[in-house]
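# Overview (structure and organization)
What follows is each chain in one-letter form.
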Amino acid sequence: LEVGTVFVHPDYQRIGVGNLLLNKIYFTLRDKGIDEIELAGVVTNICILYTAAMARMYGYKVNVPISAVASFDEEAHNFALKEMEKTLGVTMI
C-alpha cells in the first residue's frame with residue numbers, strides 16, 4: 001500500500017484538516033493490519049520529523065530511508081535525523 005503526498009489547500013491550513021487526514025490514514029492502515037510505515041520526502045526537519053513523531057505516538061514502527069529525505073537546511077536536516085533515531089526510535093535505512 002502506498003500513500004502519496006497529502007496536501008491541504010491553503011484555505012484549510014492551520015485549522016486541523018491535516019491532522020484529521022493523518023489520523024484517518026493511521027486508523028485505515030491499522031484496520032488493514034499494517035503496523036510499520038516508511039517515510040520519504042521533504043522537508044526532513046518539518047514534514048518528515050513531525051509525521052514520524054505522530055506515527056510513533058500511534059505505535060507504528062517507522063523507517064526513514066536517509067537517501068529519500070532532504071531539507072534546504074543541512075544542519076536542521078541532520079538534527080531531525082538524529083532526533084528521529086535517538087528520541088523517537090525511528091529506524092534509519
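The present account deals with the structure reproduced in this document. (Residues numbered from 1 in each chain as written. Predicted model: local features only at pLDDT ≥ 70, side-chain atom pairs only at ≥ 80, totals over all residues. Heavy atoms only, no water.)

## Here's the deal with helix H3 (residues 74-86)
Over its 13 residues, H3 runs 18 Å from end to end, which matches the ideal 18 Å to within 8%, given 1.5 Å per residue. Measuring from the side-chain oxygen of the N-cap residue of H3 to the backbone nitrogen of Glu75 gives 3.1 Å; that N-cap residue is Asp73. (Helix = DSSP H or I, 4+ residues; strand = E, 2+ residues; numbered from the N terminus. Expected span 1.5 Å × (residues − 1). Polar contact = N/O pair within 3.5 Å; in protein donor to acceptor, adjacent residues only side chain to side chain.)

## Some points on the sheet that holds strand E3 (residues 61-64)
What the three strands build is an open sheet, ordered E1-E3-E5; its pairing is parallel. Strands with a single pairing partner mark the edges of an open sheet, and in this sheet they are strand E1 (36-38) and strand E5 (91-92). The pairing of E3 with E5 spans two bridges and is classified as parallel. Residue pairing across strands places Asn63 opposite Thr91, the latter belonging to E5. Strand contacts of helix H2 (residues 44-57): E1 and E3, with the helix running at about 160° to E3, the strand carrying the most contacts. (Pairing = 2+ DSSP bridges. Contact = heavy atoms within 4.5 Å. Axes fitted to C-alpha atoms, helices over the stretch in contact; angles between N-to-C directions.)

## Let's talk about the pairing of E3
Note: E1 against E3, three bridges, orientation parallel. Bridge pairing in E3 places Glu38 opposite Asn63.

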